[in-house]
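A closer look at the structure
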Amino acid sequence: KIILGGSGAKGTWLKDVNDADIFIQFNYNKHKDKSDELSNILEKQLKKSFKKLDKLHGSRDYFQVKEKGFTFEIIPILEIKKAEIALNITDVSPLHADFVKKYSKLEDEIRLMKQFCKVNNLYGAESYINGFSGYMCELLVIYYGGFLKLIKNACKWKEKEIIDIKNFYKGKNVLFEMNKSKIISPIVLIDPVQSDRNAAAALSEEKYNLFIKKAKEFMKKPSKVFFEKKKVDINKLKKEFIILEAEALKGKEDVIGAKLLKVFEFLQRKLKKEGFEVTKQYWTFDKEKEAFFYLKVKDVSSVKIVEGPNVKFKDHVKFFKKKHKNTFVKKNVVYAKDKRKVTKAKDFVKNLLKDEYVKERVKKICIQ
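Notes on the structure follow. (Residues numbered from 1 in each chain as written. Predicted model: local features only at pLDDT ≥ 70, side-chain atom pairs only at ≥ 80, totals over all residues. Heavy atoms only, no water.)

Further remarks concern the sheet that holds strand 13 (residues 333–339). The strand order across the open sheet built from three strands is 11-13-12, with neighbouring strands paired in antiparallel fashion. Each end of this open sheet is capped by a strand with a single partner; those strands are strand 11 (303–310) and strand 12 (327–330). Sheet twist, expressed as the mean angle between neighbouring strand axes with direction ignored, is 30 degrees. Note that strand 12 and strand 13 share four bridges and pair antiparallel. Note on strand 13: the bridge partner recorded for Thr327 is Ala336. The strands that helix 12 (residues 314–323) touches are strand 11, strand 12 and strand 13; relative to strand 11, the one it contacts most, it runs at about 160 degrees. (Pairing = 2+ DSSP bridges. Helix = DSSP H or I, 4+ residues; strand = E, 2+ residues; numbered from the N terminus. Axes fitted to C-alpha atoms, helices over the stretch in contact; angles between N-to-C directions. Contact = heavy atoms within 4.5 Å.)

Here's what the structure looks like:
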């Protein structure tokens, strides 16, 4: 069977979305012993219909096809009626859609939540975002009965908030009942389709706190601004930030996004180590596999203070003084005054872009 999945199946997509999940359901009884072979079986069939087909690695390999400005991800799954018999996490996806579709009256409320999260850099469960997944947005709106009710309650959220829509753990302590690895997130959202799954497992402390902060700001002064994507004036920002444009490698979004994040963190780490003060930083990544890094960095003086060993470690002091000429002692610690080769942050970043660590993780990167 061929069925539509994701937000398309649930009726909760946003108007600027140009991708869709297509699930190919294999008969469970016929194929349960061939779960690992489904991708290969599907690939042979797809190659008959599509000239350009990208194979992406996942818990079960799936395929990507681009047609008329749309991106379709074609995923092989087993057809199941109960989550307990799933042989792969993707097998359960249609059951998620079936649950959300029962609350069709809340479709627009869910859209508000998704847009709110997107604009405020909170949307996406991928490892380079660790935010609110689409399914998580849907479940939270369903649980509270609307977007505004959700926002009001989020203002009062505490650490380890527990939400159990179907009351699976009635009278029991979820934190004792569930596997510890599944409850490390700041909010535990029991999947109404799978009682042993936390739908918020990917959510980070940072994104959780940011959502609460934005919810409070919205309640204090409700405005359309919270749902409108700000237009970025690159030329205006250039006066304040070092702006880097990066083109991602080919591959699964989660994987290439994680590599871009590592590059962004590498740049910040190296700048700070050299003594540059990074006062602001953020980055964006879109579906076209393009990323922008924004770094506000203060230039440094030509002299760098290097901390050495304590004076009681004589051999280490001797070695330190051999390496550094201009040394002095302060509070029993040896320091050195070294001359910096680069004092301009932009020039320092330019040199970092030549590093192998960066080259291995992006297709292309340059300063704007």
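Attention now moves to the packing of aromatic side chains. One pass over the structure, following the stated rule, counts 28 aromatic pairs. Taking the centre distance of 5.9 Å and the plane angle of 85 degrees together, the rings of Phe116 and Phe211 count as edge-to-face. Taken as a pair, Phe116 in helix 5 (residues 107–119) and Phe211 in helix 9 (residues 205–220) lie far apart in primary sequence, 95 residues in all. Ring centres 6.0 Å apart and planes at 65 degrees place the aromatic pair Trp283 and Phe293 in the edge-to-face group. Within this pair, whereas Trp283 is found in strand 9 (residues 277–285), its partner Phe293 is found in strand 10 (residues 290–298), the two being separated by ten residues in sequence. Phe293 carries the same exposure label as Trp283, and that label is buried. Taken together, the aromatic side chains of Phe116, Phe132, Phe147, Trp157, Tyr208, Phe211, Phe218, Phe226 and Phe227 make up a single cluster linked through ring pairs. Above the ring of Tyr357, the side-chain terminus of Arg361 is found at 3.7 Å from the ring centroid. (Phe/Tyr/Trp six-rings, centres within 6.5 Å; stacked < 30°, edge-to-face > 60°. Buried < 20%, exposed > 50% of the residue type's maximum accessible area, 1.4 Å probe, protein only. Lys NZ or Arg CZ within 6 Å of the ring centre and 35° of its normal.)

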